[in-house]
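# Overview (structure and organization)
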Amino acid sequence: MKALEGVKVLDLTQAYSGPFCTMHMADHGAEVIKVERPGMGDQSRAWGPIINDYSAYYAFLNRNKRGITLDLRSPEGKEVFLKLVKEADVVCENFKVGTMEKMGLGYDVLKEVNPRLIYAAISGFGEEGPLAKLPAYDIVAQAMSGLMTITGFPENPPTKVGPSVGDNYTGTYLALGICMALYHREKTGQGQKLDVAMVDTLFSILENAVVEYTVAGNEPGRSGNADPGIAPFDAFMAKDGMIVMGVGTNAMWSRLCDLMGKPELVDDPRYKTNDDRCKNYIPDLKNIVESYTRTKTKAELEELMNGAGIPFGNIFSISEAANHPQLQSRNMLVEVEDPVLGRIKIPGVPIKMHATPGTVVKAAPTLGQHNSEILSALGYSAEQVEALATKGII
(Lines give C-alpha, C1' and ligand atoms only; values in the text may rest on other atoms or scores of the structure.)
Protein backbone atom coordinates (compact mmCIF):
# COMPACT_ATOMS: atom_id res chain seq x y z
CA MET A 1 0.00 0.00 0.00
CA LYS A 2 1.14 3.55 -0.77
CA ALA A 3 0.61 6.59 1.45
CA LEU A 4 -2.08 8.24 -0.70
CA GLU A 5 -3.92 5.16 -1.94
CA GLY A 6 -7.65 5.80 -2.02
CA VAL A 7 -7.26 9.55 -2.69
CA LYS A 8 -8.81 10.64 -5.99
CA VAL A 9 -7.48 13.81 -7.63
CA LEU A 10 -8.96 15.65 -10.62
CA ASP A 11 -5.97 17.39 -12.21
CA LEU A 12 -6.95 20.35 -14.39
CA THR A 13 -3.43 21.76 -14.32
CA GLN A 14 -0.98 22.28 -17.15
CA ALA A 15 2.57 23.49 -17.77
CA TYR A 16 4.81 22.80 -14.75
CA SER A 17 3.63 23.92 -11.30
CA GLY A 18 0.36 21.99 -11.11
CA PRO A 19 1.51 18.82 -12.88
CA PHE A 20 4.56 18.75 -10.56
CA CYS A 21 2.20 18.87 -7.57
CA THR A 22 -0.05 16.07 -8.82
CA MET A 23 2.97 14.02 -9.96
CA HIS A 24 4.11 13.77 -6.33
CA MET A 25 0.63 12.64 -5.32
CA ALA A 26 0.42 10.07 -8.12
CA ASP A 27 3.88 8.72 -7.25
CA HIS A 28 2.59 8.00 -3.75
CA GLY A 29 -0.58 6.19 -4.76
CA ALA A 30 -3.24 8.83 -5.41
CA GLU A 31 -5.51 8.17 -8.38
CA VAL A 32 -4.86 11.24 -10.51
CA ILE A 33 -7.13 11.87 -13.49
CA LYS A 34 -5.63 14.48 -15.79
CA VAL A 35 -8.39 16.54 -17.44
CA GLU A 36 -7.32 18.20 -20.71
CA ARG A 37 -8.93 20.27 -23.44
CA PRO A 38 -9.97 18.15 -26.44
CA GLY A 39 -7.64 18.39 -29.42
CA MET A 40 -5.08 20.53 -27.58
CA GLY A 41 -4.24 19.21 -24.15
CA ASP A 42 -1.65 20.47 -21.72
CA GLN A 43 0.51 23.26 -23.20
CA SER A 44 3.62 21.34 -22.09
CA ARG A 45 2.87 18.76 -24.79
CA ALA A 46 4.61 21.24 -27.13
CA TRP A 47 7.66 21.79 -24.89
CA GLY A 48 11.01 20.20 -25.60
CA PRO A 49 12.72 17.92 -25.86
CA ILE A 50 10.40 16.66 -28.62
CA ILE A 51 11.05 13.09 -29.80
CA ASN A 52 8.75 11.39 -32.33
CA ASP A 53 6.58 14.54 -32.22
CA TYR A 54 6.01 13.92 -28.50
CA SER A 55 7.22 15.86 -25.47
CA ALA A 56 9.57 14.17 -23.01
CA TYR A 57 8.93 17.18 -20.73
CA TYR A 58 5.23 16.28 -20.58
CA ALA A 59 6.03 12.58 -20.18
CA PHE A 60 8.17 13.20 -17.09
CA LEU A 61 5.66 15.40 -15.24
CA ASN A 62 2.56 13.33 -15.93
CA ARG A 63 3.67 9.79 -15.18
CA ASN A 64 1.40 7.59 -13.04
CA LYS A 65 -1.74 9.52 -14.12
CA ARG A 66 -4.78 8.61 -16.19
CA GLY A 67 -6.08 11.04 -18.80
CA ILE A 68 -9.42 12.28 -20.09
CA THR A 69 -10.27 15.07 -22.53
CA LEU A 70 -13.24 17.26 -21.60
CA ASP A 71 -14.68 20.53 -22.86
CA LEU A 72 -15.49 22.23 -19.57
CA ARG A 73 -17.22 25.15 -21.32
CA SER A 74 -19.96 22.93 -22.75
CA PRO A 75 -23.03 21.83 -20.74
CA GLU A 76 -22.26 18.16 -21.45
CA GLY A 77 -18.64 18.60 -20.38
CA LYS A 78 -19.70 20.31 -17.16
CA GLU A 79 -22.10 17.48 -16.45
CA VAL A 80 -19.35 14.89 -16.79
CA PHE A 81 -16.98 16.97 -14.67
CA LEU A 82 -19.49 17.41 -11.86
CA LYS A 83 -20.04 13.66 -11.77
CA LEU A 84 -16.28 13.25 -11.37
CA VAL A 85 -16.20 15.93 -8.67
CA LYS A 86 -18.85 14.11 -6.68
CA GLU A 87 -16.46 11.17 -6.30
CA ALA A 88 -13.23 13.17 -5.96
CA ASP A 89 -11.20 14.15 -2.92
CA VAL A 90 -9.20 16.91 -4.61
CA VAL A 91 -9.58 19.25 -7.56
CA CYS A 92 -6.31 20.89 -8.56
CA GLU A 93 -6.07 23.79 -11.06
CA ASN A 94 -3.58 26.48 -12.08
CA PHE A 95 -5.67 28.65 -14.39
CA LYS A 96 -5.65 32.44 -14.22
CA VAL A 97 -7.63 33.61 -11.18
CA GLY A 98 -11.33 33.70 -12.05
CA THR A 99 -11.23 31.20 -14.92
CA MET A 100 -13.09 28.43 -13.08
CA GLU A 101 -15.70 30.91 -11.89
CA LYS A 102 -16.25 32.12 -15.48
CA MET A 103 -16.94 28.51 -16.47
CA GLY A 104 -19.39 28.13 -13.59
CA LEU A 105 -17.10 25.67 -11.85
CA GLY A 106 -15.63 27.73 -8.99
CA TYR A 107 -15.16 26.38 -5.49
CA ASP A 108 -18.53 27.71 -4.31
CA VAL A 109 -20.23 25.57 -6.96
CA LEU A 110 -18.09 22.47 -6.50
CA LYS A 111 -18.40 22.37 -2.70
CA GLU A 112 -22.18 22.18 -3.08
CA VAL A 113 -21.66 19.02 -5.14
CA ASN A 114 -19.07 17.62 -2.72
CA PRO A 115 -18.72 19.38 0.69
CA ARG A 116 -15.65 17.27 1.54
CA LEU A 117 -13.81 18.47 -1.56
CA ILE A 118 -10.35 20.01 -1.28
CA TYR A 119 -9.99 22.63 -3.99
CA ALA A 120 -6.31 23.38 -4.61
CA ALA A 121 -5.31 26.35 -6.79
CA ILE A 122 -1.97 27.70 -8.00
CA SER A 123 -1.64 31.14 -9.55
CA GLY A 124 1.09 33.67 -10.18
CA PHE A 125 0.04 36.25 -7.58
CA GLY A 126 -2.71 34.62 -5.51
CA GLU A 127 -6.41 35.37 -5.27
CA GLU A 128 -6.14 38.80 -3.63
CA GLY A 129 -4.23 41.96 -4.41
CA PRO A 130 -3.90 44.35 -7.36
CA LEU A 131 -2.11 41.79 -9.57
CA ALA A 132 -4.33 38.80 -8.75
CA LYS A 133 -5.86 38.34 -12.20
CA LEU A 134 -2.64 38.67 -14.20
CA PRO A 135 -0.98 35.63 -15.78
CA ALA A 136 2.53 34.58 -14.79
CA TYR A 137 5.23 32.12 -15.68
CA ASP A 138 8.20 31.21 -13.50
CA ILE A 139 10.45 33.97 -14.82
CA VAL A 140 7.87 36.58 -13.77
CA ALA A 141 7.69 35.12 -10.26
CA GLN A 142 11.48 34.99 -9.98
CA ALA A 143 11.70 38.62 -11.05
CA MET A 144 8.92 40.00 -8.85
CA SER A 145 9.75 38.03 -5.69
CA GLY A 146 13.23 39.56 -5.47
CA LEU A 147 14.98 36.28 -6.26
CA MET A 148 16.67 37.51 -9.45
CA THR A 149 18.22 40.52 -7.74
CA ILE A 150 20.15 38.26 -5.35
CA THR A 151 21.14 35.67 -7.97
CA GLY A 152 24.36 35.91 -9.97
CA PHE A 153 27.52 37.97 -9.54
CA PRO A 154 27.47 41.64 -8.51
CA GLU A 155 29.13 42.79 -11.73
CA ASN A 156 26.46 41.08 -13.85
CA PRO A 157 22.72 41.77 -14.32
CA PRO A 158 20.04 40.06 -12.18
CA THR A 159 19.90 36.39 -13.15
CA LYS A 160 17.18 33.75 -13.29
CA VAL A 161 17.81 30.55 -11.34
CA GLY A 162 18.25 27.78 -13.95
CA PRO A 163 15.28 25.46 -13.29
CA SER A 164 11.81 26.94 -12.85
CA VAL A 165 11.89 27.06 -9.05
CA GLY A 166 8.77 29.22 -8.98
CA ASP A 167 6.90 26.29 -10.47
CA ASN A 168 8.37 23.32 -8.67
CA TYR A 169 8.51 24.96 -5.23
CA THR A 170 4.92 26.16 -5.61
CA GLY A 171 3.79 22.74 -6.79
CA THR A 172 5.47 21.12 -3.81
CA TYR A 173 3.94 23.66 -1.41
CA LEU A 174 0.52 22.86 -2.87
CA ALA A 175 1.10 19.12 -2.47
CA LEU A 176 2.02 19.76 1.16
CA GLY A 177 -1.08 21.91 1.61
CA ILE A 178 -3.29 19.21 0.12
CA CYS A 179 -1.89 16.63 2.54
CA MET A 180 -2.52 19.01 5.46
CA ALA A 181 -6.07 19.61 4.23
CA LEU A 182 -6.65 15.86 3.90
CA TYR A 183 -5.49 15.41 7.49
CA HIS A 184 -7.79 18.23 8.66
CA ARG A 185 -10.68 16.65 6.77
CA GLU A 186 -9.93 13.30 8.39
CA LYS A 187 -10.47 14.92 11.80
CA THR A 188 -13.38 17.25 10.96
CA GLY A 189 -15.02 15.99 7.78
CA GLN A 190 -14.60 19.44 6.25
CA GLY A 191 -13.14 20.25 2.86
CA GLN A 192 -11.58 23.61 2.05
CA LYS A 193 -9.94 25.77 -0.59
CA LEU A 194 -6.17 26.19 -0.93
CA ASP A 195 -4.58 29.21 -2.62
CA VAL A 196 -0.82 29.07 -3.30
CA ALA A 197 0.91 31.81 -5.30
CA MET A 198 4.21 31.57 -7.14
CA VAL A 199 5.43 35.01 -6.01
CA ASP A 200 4.48 34.25 -2.38
CA THR A 201 6.35 30.97 -2.59
CA LEU A 202 9.59 32.44 -3.90
CA PHE A 203 9.44 35.36 -1.47
CA SER A 204 9.13 32.80 1.35
CA ILE A 205 12.30 30.92 0.35
CA LEU A 206 14.71 33.85 0.10
CA GLU A 207 16.44 32.57 3.24
CA ASN A 208 18.01 35.46 5.15
CA ALA A 209 17.50 38.06 2.41
CA VAL A 210 14.13 39.29 3.70
CA VAL A 211 15.24 39.68 7.32
CA GLU A 212 18.46 41.27 6.09
CA TYR A 213 16.19 44.02 4.79
CA THR A 214 13.40 44.07 7.42
CA VAL A 215 15.55 43.54 10.52
CA ALA A 216 19.08 44.65 9.60
CA GLY A 217 17.97 47.45 7.28
CA ASN A 218 20.16 46.39 4.36
CA GLU A 219 19.27 45.86 0.70
CA PRO A 220 20.60 42.39 -0.22
CA GLY A 221 22.48 42.09 -3.49
CA ARG A 222 24.18 39.47 -5.61
CA SER A 223 27.11 37.57 -4.11
CA GLY A 224 27.85 34.99 -6.79
CA ASN A 225 28.32 31.50 -5.36
CA ALA A 226 29.08 32.82 -1.87
CA ASP A 227 26.52 32.68 0.92
CA PRO A 228 25.96 36.14 2.45
CA GLY A 229 25.36 34.66 5.92
CA ILE A 230 28.06 31.94 6.16
CA ALA A 231 31.76 32.09 5.30
CA PRO A 232 33.65 30.52 3.72
CA PHE A 233 30.73 29.02 1.79
CA ASP A 234 31.53 29.32 -1.90
CA ALA A 235 32.96 27.87 -5.10
CA PHE A 236 36.76 27.81 -5.30
CA MET A 237 39.28 27.09 -8.03
CA ALA A 238 41.39 23.95 -7.72
CA LYS A 239 44.30 22.91 -9.94
CA ASP A 240 42.00 21.19 -12.42
CA GLY A 241 38.66 22.94 -12.10
CA MET A 242 36.19 24.29 -9.56
CA ILE A 243 34.82 22.81 -6.34
CA VAL A 244 32.44 23.98 -3.64
CA MET A 245 32.66 23.80 0.13
CA GLY A 246 30.70 25.12 3.07
CA VAL A 247 32.25 25.93 6.44
CA GLY A 248 29.21 26.41 8.67
CA THR A 249 30.66 26.17 12.20
CA ASN A 250 33.70 27.35 14.15
CA ALA A 251 34.79 23.71 14.49
CA MET A 252 34.81 23.30 10.71
CA TRP A 253 36.70 26.58 10.37
CA SER A 254 39.35 25.34 12.80
CA ARG A 255 39.76 22.11 10.83
CA LEU A 256 40.05 24.04 7.54
CA CYS A 257 42.73 26.28 9.06
CA ASP A 258 44.68 23.18 10.07
CA LEU A 259 44.39 21.76 6.53
CA MET A 260 45.59 25.04 5.06
CA GLY A 261 48.55 25.09 7.47
CA LYS A 262 47.30 28.33 8.99
CA PRO A 263 46.12 27.48 12.53
CA GLU A 264 46.78 31.06 13.62
CA LEU A 265 43.72 32.22 11.64
CA VAL A 266 41.42 30.63 14.22
CA ASP A 267 42.24 33.41 16.68
CA ASP A 268 42.59 36.17 14.10
CA PRO A 269 40.03 38.82 15.13
CA ARG A 270 38.98 39.21 11.48
CA TYR A 271 37.85 35.57 11.33
CA LYS A 272 37.09 34.55 14.91
CA THR A 273 33.31 34.20 14.50
CA ASN A 274 31.17 33.42 11.49
CA ASP A 275 29.93 37.00 11.47
CA ASP A 276 33.54 38.21 11.43
CA ARG A 277 34.33 35.88 8.55
CA CYS A 278 31.34 37.14 6.56
CA LYS A 279 32.31 40.79 7.09
CA ASN A 280 35.89 40.14 6.00
CA TYR A 281 35.24 37.52 3.33
CA ILE A 282 35.80 39.63 0.18
CA PRO A 283 38.57 39.85 -0.77
CA ASP A 284 40.77 38.75 2.12
CA LEU A 285 39.35 35.44 3.33
CA LYS A 286 38.25 34.37 -0.16
CA ASN A 287 41.81 34.85 -1.41
CA ILE A 288 43.33 32.97 1.53
CA VAL A 289 41.12 29.93 0.97
CA GLU A 290 41.49 29.95 -2.80
CA SER A 291 45.25 30.31 -2.62
CA TYR A 292 45.16 26.99 -0.78
CA THR A 293 42.63 25.19 -3.02
CA ARG A 294 44.60 26.16 -6.14
CA THR A 295 47.50 24.02 -4.87
CA LYS A 296 45.39 20.84 -4.90
CA THR A 297 43.48 18.80 -7.46
CA LYS A 298 39.75 18.30 -7.08
CA ALA A 299 40.33 14.67 -6.08
CA GLU A 300 42.89 15.69 -3.44
CA LEU A 301 40.56 18.30 -2.00
CA GLU A 302 37.66 15.84 -1.96
CA GLU A 303 39.68 13.38 0.13
CA LEU A 304 40.96 16.07 2.50
CA MET A 305 37.63 17.83 3.04
CA ASN A 306 35.64 14.64 3.44
CA GLY A 307 38.23 13.40 5.91
CA ALA A 308 37.91 16.61 7.91
CA GLY A 309 34.11 16.52 7.89
CA ILE A 310 33.79 19.70 5.86
CA PRO A 311 30.85 19.66 3.38
CA PHE A 312 32.38 19.45 -0.09
CA GLY A 313 31.21 18.89 -3.65
CA ASN A 314 32.41 18.70 -7.21
CA ILE A 315 30.49 20.78 -9.74
CA PHE A 316 28.87 18.15 -11.96
CA SER A 317 27.32 18.46 -15.38
CA ILE A 318 23.84 16.96 -15.79
CA SER A 319 25.34 13.82 -17.34
CA GLU A 320 27.85 13.48 -14.50
CA ALA A 321 25.12 13.89 -11.88
CA ALA A 322 22.80 11.44 -13.66
CA ASN A 323 25.49 8.77 -13.78
CA HIS A 324 26.91 9.30 -10.30
CA PRO A 325 26.71 6.24 -8.00
CA GLN A 326 25.01 8.29 -5.26
CA LEU A 327 21.99 9.29 -7.35
CA GLN A 328 21.88 5.84 -8.93
CA SER A 329 21.81 4.19 -5.51
CA ARG A 330 18.86 6.42 -4.62
CA ASN A 331 16.94 5.37 -7.78
CA MET A 332 16.79 8.97 -8.97
CA LEU A 333 16.66 7.83 -12.58
CA VAL A 334 13.95 5.29 -13.35
CA GLU A 335 12.88 3.60 -16.55
CA VAL A 336 9.32 3.69 -17.83
CA GLU A 337 7.77 2.32 -21.03
CA ASP A 338 6.16 5.24 -22.84
CA PRO A 339 3.66 4.43 -25.64
CA VAL A 340 5.26 7.01 -27.96
CA LEU A 341 8.83 7.48 -26.74
CA GLY A 342 9.53 3.84 -25.93
CA ARG A 343 11.74 2.92 -22.99
CA ILE A 344 12.85 6.18 -21.38
CA LYS A 345 14.64 7.29 -18.22
CA ILE A 346 13.10 10.08 -16.13
CA PRO A 347 13.76 11.50 -12.65
CA GLY A 348 12.69 9.15 -9.89
CA VAL A 349 10.72 9.69 -6.69
CA PRO A 350 12.55 12.11 -4.35
CA ILE A 351 10.36 11.57 -1.26
CA LYS A 352 11.59 8.28 0.22
CA MET A 353 8.89 6.77 2.45
CA HIS A 354 10.36 3.57 3.84
CA ALA A 355 7.10 1.91 4.90
CA THR A 356 5.01 3.09 1.93
CA PRO A 357 7.45 3.85 -0.87
CA GLY A 358 6.38 5.79 -3.93
CA THR A 359 7.11 4.38 -7.37
CA VAL A 360 6.87 5.22 -11.06
CA VAL A 361 4.67 2.48 -12.49
CA LYS A 362 3.20 3.86 -15.71
CA ALA A 363 3.83 6.43 -18.39
CA ALA A 364 1.99 9.72 -18.85
CA PRO A 365 -1.34 9.35 -20.65
CA THR A 366 -1.64 10.18 -24.31
CA LEU A 367 -4.31 12.79 -25.02
CA GLY A 368 -7.67 11.33 -23.96
CA GLN A 369 -6.19 7.86 -23.50
CA HIS A 370 -8.62 6.83 -20.74
CA ASN A 371 -11.80 8.55 -21.96
CA SER A 372 -13.82 5.37 -22.38
CA GLU A 373 -12.52 3.78 -19.19
CA ILE A 374 -13.28 6.78 -16.97
CA LEU A 375 -16.66 7.55 -18.54
CA SER A 376 -17.84 3.97 -18.40
CA ALA A 377 -17.04 3.95 -14.67
CA LEU A 378 -19.42 6.92 -14.36
CA GLY A 379 -22.17 4.90 -16.05
CA TYR A 380 -21.83 6.15 -19.64
CA SER A 381 -22.53 3.58 -22.33
CA ALA A 382 -20.25 3.02 -25.30
CA GLU A 383 -22.81 4.79 -27.50
CA GLN A 384 -22.90 7.80 -25.18
CA VAL A 385 -19.11 8.00 -25.13
CA GLU A 386 -19.04 7.88 -28.92
CA ALA A 387 -21.64 10.65 -29.08
CA LEU A 388 -19.57 12.87 -26.77
CA ALA A 389 -16.52 12.28 -28.95
CA THR A 390 -18.44 13.09 -32.13
CA LYS A 391 -19.61 16.42 -30.63
CA GLY A 392 -16.08 17.30 -29.53
CA ILE A 393 -17.00 17.21 -25.83
CA ILE A 394 -14.19 14.72 -25.17
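What counts and what doesn't
Residues numbered from 1 in each chain as written. Predicted model: local features only at pLDDT ≥ 70, side-chain atom pairs only at ≥ 80, totals over all residues. Heavy atoms only, no water. Helix = DSSP H or I, 4+ residues; strand = E, 2+ residues; numbered from the N terminus. Buried < 20%, exposed > 50% of the residue type's maximum accessible area, 1.4 Å probe, protein only. Contact = heavy atoms within 4.5 Å. Areas by Shrake-Rupley, 256 points an atom, 1.4 Å probe, with all protein chains shown as cover. Lys, Arg positive; Asp, Glu negative; His and termini not counted. Charge placed at Lys NZ, Arg CZ, Asp CG, Glu CD. Salt bridge = Lys/Arg side-chain N within 4 Å of Asp/Glu carboxyl O. Patch = residues over 30% accessible without salt bridge, like charges linked within 9 Å, V, L, I, M, F, W, Y side chains within 5 Å. Pairing = 2+ DSSP bridges. Axes fitted to C-alpha atoms, helices over the stretch in contact; angles between N-to-C directions. Parallel < 35°, antiparallel > 145°, perpendicular 65-115°, else oblique. Left-handed = near helix turned anticlockwise from the far one by under 90°. Nonpolar A, V, L, I, M, F, W, Y, C, P; charged D, E, K, R; others polar. Phe/Tyr/Trp six-rings, centres within 6.5 Å; stacked < 30°, edge-to-face > 60°. Lys NZ or Arg CZ within 6 Å of the ring centre and 35° of its normal.

Attention now moves to the overall build of the protein. Of the regular secondary structure elements, the protein holds 17 helices and 13 strands. Based on the C-alpha atoms only, the size of the protein along its principal axes is roughly 85 × 45 × 40 Å. Scored against the burial criterion, the 394 residues of the protein give a buried share of 45%. Long-range contacts, defined here as pairs at least 24 residues apart, represent 67% of the contacts in the protein between residues at least 6 apart. For the protein, the accessible surface area stands at approximately 19,600 Å², while carbon and sulfur atoms represent 56% of it. Side chains of the protein carry 39 positive and 48 negative charges; the gap between the two charge centres is 2 Å.

Next up on the list: the side chain of Glu290. Along the chain, Glu290 turns up in helix H12 (residues 281–293). Summary of buried charges: Glu290 has no salt-bridge partner, and the nearest side chain of opposite charge, Arg294, is 4.1 Å away. Beyond its immediate sequence surroundings of up to four residues, Glu290 is in contact with Ala235, Phe236 and Met237.

To continue, consider a positive patch on the surface. A cluster of like positive charges, contributed by Arg37, Arg73, Lys96, Lys102 and Lys133, occupies part of the molecular surface. Residue placement: Arg37 occurs in the loop between strand S2 (31–36) and strand S3 (50–51). On the basis of relative accessible area, Arg37 is assigned to the exposed category, the value being 55%.

A word on the environment of Gly189. Summarising the element assignment, Gly189 is placed in the loop between helix H7 (165–188) and strand S8 (192–197). Exposure remark for Gly189: the relative accessible area of 31% places this residue in the partly exposed category. Sequence spacing of Gly189 and His324 is 135 residues, and the spatial spacing of their C-alpha atoms is 46 Å. Beyond its immediate stretch of four places on either side in the chain, Gly189 contacts Arg116 and His184.

Time to look at a nonpolar patch on the surface. Side chains of Leu131, Leu134 and Met144 sit close together on the surface and give an oily, nonpolar patch of about 260 Å² of accessible area. For Leu131, the position within the fold is in the loop between strand S7 (118–123) and helix H6 (138–145).

Another point: the sheet that holds S2. Spatially, 6 strands are ordered S5-S2-S1-S6-S7-S8 in an open sheet, and the strand pairing comes out parallel. In this open sheet, the two edge strands, each paired with only one partner strand, are strand S5 (66–69) and S8. Across the sheet, the mean angle separating the axes of adjacent strands is 20° when strand polarity is ignored. Pairing analysis gives 6 bridges linking S7 to S8, with the strands arranged parallel. Along S8, the bridge assignment pairs Ala120 with Leu194. Against the sheet, helix H3 (residues 75–87) engages strand S1 (8–11), S2 and strand S6 (90–93), with an angle of about 150° to S1.

Quick look at the pattern of salt bridges now. Within this structure, the stated rule accounts for 19 salt bridges. Via salt bridges that share partners, Glu31, Arg66 and Glu373 belong to a single interconnected network.

Turning our eyes to something else, we now look at the sheet that holds strand S10 (residues 241–246). Here 3 strands make up an open sheet; going across it, the order is S9-S10-S11 and the pairing antiparallel. Of all strands in the sheet, those with a lone pairing partner are strand S9 (233–238) and strand S11 (312–314), marking the two edges. The mean inter-strand angle of the sheet, taken between neighbouring strand axes irrespective of direction, is 25°. Note that S9 and S10 share 6 bridges and pair antiparallel. Considered in S10, the bridge of Ala235 is made with Val244. The strands touched by helix H13 (residues 298–308) are S9, S10 and S11; relative to S11, the strand with the most contacts, the crossing angle is about 160°.

Turning to unusual backbone geometry, a few remarks are in order. The general pattern is negative phi for most residues beyond glycine and trans for most peptide bonds. Residue Pro49 follows Gly48 across a cis peptide bond; omega there is 5°. Pro232 follows Ala231 through a cis peptide bond whose omega is -5°. Residue placement: Pro232 occurs in the loop between helix H9 (209–214) and S9. One non-glycine residue, Ala15, adopts positive backbone phi at about 70°.

Contact geometry of helix H10 (residues 250–260) with H13 gives a least axis separation of 10 Å together with a crossing angle of 140°. In terms of orientation, H10 lies oblique with respect to H13. The handedness of the crossing between H10 and H13 comes out as right-handed. Residues Arg255, Leu256 and Leu259 of H10 touch H13, and the partners they reach there are Leu304, Met305 and Ala308. When its residues are assigned to classes, the contact of H10 with H13 shows 5 nonpolar, no polar and 1 charged.

Enumeration according to the criterion identifies 7 aromatic pairs in this entry. An angle of 75° between the planes, with centres 6.0 Å apart, marks the rings of Tyr16 and Tyr57 as edge-to-face. Taken together, the residues Tyr16 in the loop between S1 and helix H1 (17–27) and Tyr57 in helix H2 (residues 56–61) connect sequence positions 41 residues apart. Residue classification places Tyr16 among the buried positions, given a relative accessible area of 13%. For Tyr57, a relative accessible area of 23% corresponds to the partly exposed category. Between Tyr54 and Tyr58 the ring centres are 6.1 Å apart and the planes differ by 90°, which places this aromatic pair in the edge-to-face class. Of the two residues, Tyr54 and Tyr58, neither departs from the other in class, the shared state being buried. Across the ring face of Tyr58, the terminal group of Arg45 is positioned such that the distance to the ring centre comes to 3.9 Å.

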